[in-house]
Amino acid sequence: MFTPNAYGMFSMPTLETKRLILRRIAMRDAGDIFAYSKDPEVARHVLWSAQKDISEAKDYCRFMMKRYRCDQPSSWGIIEKATGRLVGTIGYMDHNEDNATVEVGYSLARWLWNGGYMTEALARVIEYTFEAMDINRIEAQHELTNPPSGRVMQKCGMKKEGELRQRLYNKGRYVDVALYAILKEDYEKSKRHD
């Protein structure tokens, strides 16, 4: 079902939006990653803890670079064009080859919250995924205590499909999540109406 391109399924090519560049993470990004990842508010609703030292950011860069080499689900670094800084990540958390499904996840520096940046990034990733990959369904989930993340998904055409009780174990507790998804046919239909 999947149709890898010449560089592999998860080649993570550079993508662009009006205000952002999405590109592969490199070791030079460790300082920028640490700058926003040490913020407990940024880490509150994701599955990683606030970073305490730049060595953790370097480890994350190495981890992502290995995933690129192995053609595994990976993340792009989100670069703010105005500053050239890496201000977040967005990418594929998981994929199911048999069902042509990917799960997307993201995080963003707090100083850019509520500015439409994540909506811009997610819309571009959805477009790329359906246009360049043989994917039928894109999923995303957020903790119920993080409704702004759900609003990002809705703005990008994803539909809420339900709430899953205690779906994830995060920072010492089980948390309820909302599940959103967009199908290729939903995406194509919205394109025809643009």
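Described in the following lines is the structure provided in the data block.

1. Details of the packing of helix H1 (residues 30–37) against helix H3 (residues 54–69)
It is at 8 Å that the axes of H1 and H3 come closest, and there the two elements cross at 120 degrees. As judged from the angle between their axes, H1 and H3 are oblique. Note that H1 runs across H3; the crossing there is right-handed. Here H1 contributes Ala30, Gly31, Ile33 and Phe34 to the contact with H3, which in turn contributes Ile54, Ala57, Lys58, Tyr60 and Cys61. Its residues assigned to classes, the contact of H1 with H3 comprises seven nonpolar, one polar and one charged.

2. Here's the deal with the packing of aromatic side chains
In the structure shown here, the tally under the stated rule is five aromatic pairs. Grouping aromatic residues by their ring pairs yields a cluster made of Phe10, Trp76, Tyr92 and Tyr128. Between Arg19 and the ring centre of Tyr117, over which it is positioned, the NZ or CZ distance is 3.8 Å.

3. Examining the packing of helix H4 (residues 117–132) against helix H6 (residues 184–193)
Interhelical geometry of H4 versus H6 gives an angle of 110 degrees and a closest axis separation of 11 Å. Here H6 runs roughly perpendicular to H4, going by the angle between their axes. Contact residues: H4 offers Ile126, Glu127, Phe130 and Glu131, while H6 offers Lys184, Tyr187 and Lys191. Each residue belonging to the contact of H4 with H6 can be placed in one class, and the counts come to three nonpolar, no polar and four charged.

4. Here we look at the sheet that holds strand E3 (residues 75–80)
One open sheet accounts for eight strands, arranged E1-E2-E3-E4-E5-E6-E8-E7; its pairing is mixed. Since the sheet does not close on itself, it has two edges, and those belong to strand E1 (15–16) and strand E7 (159–170), each with one partner. Relative to E3, strand E2 (residues 20–24) runs antiparallel, the two being bridged by five bridges. Pairing of Ile21 across the sheet is with Ile79, part of E3. Strand contacts of H1: strand E4 (85–96) and strand E5 (101–108), with the helix running at about 85 degrees to E4, the strand carrying the most contacts.

Conventions we followed
Residues numbered from 1 in each chain as written. Predicted model: local features only at pLDDT ≥ 70, side-chain atom pairs only at ≥ 80, totals over all residues. Heavy atoms only, no water. Axes fitted to C-alpha atoms, helices over the stretch in contact; angles between N-to-C directions. Helix = DSSP H or I, 4+ residues; strand = E, 2+ residues; numbered from the N terminus. Parallel < 35°, antiparallel > 145°, perpendicular 65-115°, else oblique. Left-handed = near helix turned anticlockwise from the far one by under 90°. Contact = heavy atoms within 4.5 Å. Nonpolar A, V, L, I, M, F, W, Y, C, P; charged D, E, K, R; others polar. Phe/Tyr/Trp six-rings, centres within 6.5 Å; stacked < 30°, edge-to-face > 60°. Lys NZ or Arg CZ within 6 Å of the ring centre and 35° of its normal. Pairing = 2+ DSSP bridges.

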